[in-house]
Amino acid sequence: MFSCFYVATVTLKLAVLGPERFWHISPVRNRFDFFNVYGCFMAELACIYYGVCKIRVPPDLLRGVLLLHIMRIVRILHYIQPLKQIATFVVRLASTYYRMGMILVVLFYIYGLLGEQFFGGLIYSTNPDLADTAFAQANYWSMNFNDFNSGMVTLFVIMVVNNWFVITAAFIRAAGTRWAAAFFVSFYLLVNMIVLNILMALIIDCSATVQQELEQEAEEEEDVTKEPSSSTIEYDYEAVLRRLLLEDEDLDVEQLPVRISAAKTQDYGSTKALAKKRASVP
């Protein structure tokens, strides 16, 4: 039902504006509507076809329909102020996320290679040094540096501080030296204490800036919709009065771009009365 309504809305909009204007006016929203609405409609038609033919609907197709429906929520981000602030906030921080992400990738890559060289092959389920340890009891055998991919997973677990002391203690026992702790402590200091803290500081700073900008935009929109103040009207009246009294006598009073309020008209009279006053001035 809702899909039919969305399809009708987008189709009418496409027919009224034309394909070219529809595609280039508000390109992000219109293109999102086009692909989301028609894609969801076609997927639902496919589900109906499977149902009519009494064929089991593929789970991926059902998940796709559900995902497209959920994505419609993105359209309301522009109209709800808190959601608009979050969306603007994410867009503004995209470049920051990219730079910080590249730093994390470099650190992970370096420590992954070092960990593979230092601790490769030390973690395995039959290692007698790890028997009856918290590491073995928790079945953390996949946390190792036996290959590069496992090393990346291990470093990520340490970054999110998920029982990192258990993992570190296991590597210290497997390596047979306490200097192995320097590897994990240095990684924690560089990633958690420096890079992630810088990222959090940038997020907080950008959040305050975005909020101020949105509030300023809202105030500007309110100022545009406000009526002219009384001081502006009085200034307009004085300007008209000077023109009436000082300019050439052939000036047509009715053609002046005058905007005088009712209150001012009661106090000073109409434009015709002003013309009479002007005529009496020598």
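Keep in mind the model is a prediction, meaning the values are calculated, not measured.

A. A look at the overall build of the chain. Check the secondary structure of the chain and you find 13 helices and zero strands. Listed N to C, the secondary structure of the chain is α-α-α-α-α-α-α-α-α-α-α-α-α in terms of helices and strands. Within the chain, buried positions represent 26% of all 282 residues. When contacts within the chain are restricted to residue pairs at least 6 apart in sequence, long-range pairs at least 24 apart make up 65% of them. Carbon together with sulfur atoms contributes 63% to the accessible area of the chain, which is approximately 19000 Å² in total.

B. A look at the packing of aromatic side chains. With the rule as written, the count across this model stands at 24 aromatic pairs. For the ring pair W164 and Y188, a centre distance of 5.8 Å and an interplane angle of 10° mean the geometry is stacked. Here W164, found in helix α9 (residues 164-175), pairs with Y188, found in helix α10 (residues 180-225); they are 24 residues apart in sequence, far enough to count as distant. The exposure class assigned to W164 is partly exposed, which follows from its relative accessible area of 26%. Under the relative-accessibility criterion, Y188 is labelled partly exposed at 25%. Directly above the aromatic system of Y6 lies the positively charged group of R72, at a separation of 4.6 Å from the ring centroid.

C. Structural view of the confidence of the model for the chain. Looking at the chain, pLDDT values average 78 and 78% of them are 70 or higher. Highest mean pLDDT in the chain belongs to helix α8 (residues 148-159) (93); lowest belongs to helix α12 (residues 262-268) (42). Within the model, the stretch residues 229-235 combines pLDDT values under 50 with five contacts to residues more than four positions away or in other chains.

D. Looking closely at the nonpolar core. Counting residues in each nonpolar core, the largest one holds 37 residues, and the members touching the most others are F135, L155 and F187. Put simply, the parts of the chain that give this core at least two residues each are α6 (94-119), α8, α9 and α10. Beyond its immediate sequence surroundings of up to four residues, F187 is in contact with F108, Y111, L155, I158, M159 and N192.

E. Highlighting the side chain of N30. Mapped onto the elements of the fold, N30 is located in helix α3 (residues 27-52). Within polar-contact distance, the side chain of N30 engages the backbone oxygen of I25 at 2.4 Å. If sequence neighbours within four positions are ignored, N30 has contacts with K13, F22 and I25.

F. Region of the structure containing a negative patch on the surface. Taken together, E215, E217, E219, E220, E221 and E222 make up a surface patch of like negative charges. Structurally, the position occupied by E220 is in helix α10.

G. Geometry of the packing of α3 against helix α4 (residues 59-71). Two numbers describe how α3 lies on α4: the axes approach to 9 Å, and their chain directions differ by 145°. In the crossing of α3 with α4, the sense of the turn from one axis to the other is left-handed. Each of F32, N36, G39, C40, A43, E44, A46, C47 and Y50 in α3 lies in contact with α4, whose residues at this interface are L61, L62, V65, L68, H69 and M71. Looking at side-chain class alone, the contact of α3 with α4 contains eleven nonpolar, three polar and one charged residues.

Here is what the cut-offs are and how they apply
- Residues numbered from 1 in each chain as written.
- Predicted model: local features only at pLDDT ≥ 70, side-chain atom pairs only at ≥ 80, totals over all residues.
- Heavy atoms only, no water.
- Helix = DSSP H or I, 4+ residues; strand = E, 2+ residues; numbered from the N terminus.
- Buried < 20%, exposed > 50% of the residue type's maximum accessible area, 1.4 Å probe, protein only.
- Contact = heavy atoms within 4.5 Å.
- Areas by Shrake-Rupley, 256 points an atom, 1.4 Å probe, with all protein chains shown as cover.
- Phe/Tyr/Trp six-rings, centres within 6.5 Å; stacked < 30°, edge-to-face > 60°.
- Lys NZ or Arg CZ within 6 Å of the ring centre and 35° of its normal.
- pLDDT = per-residue confidence, 0-100.
- Core = buried A, V, L, I, M, F, W, Y, C linked by side-chain atoms within 4.5 Å.
- Polar contact = N/O pair within 3.5 Å; in protein donor to acceptor, adjacent residues only side chain to side chain.
- Patch = residues over 30% accessible without salt bridge, like charges linked within 9 Å, V, L, I, M, F, W, Y side chains within 5 Å.
- Salt bridge = Lys/Arg side-chain N within 4 Å of Asp/Glu carboxyl O.
- Lys, Arg positive; Asp, Glu negative; His and termini not counted.
- Charge placed at Lys NZ, Arg CZ, Asp CG, Glu CD.
- Axes fitted to C-alpha atoms, helices over the stretch in contact; angles between N-to-C directions.
- Left-handed = near helix turned anticlockwise from the far one by under 90°.
- Nonpolar A, V, L, I, M, F, W, Y, C, P; charged D, E, K, R; others polar.

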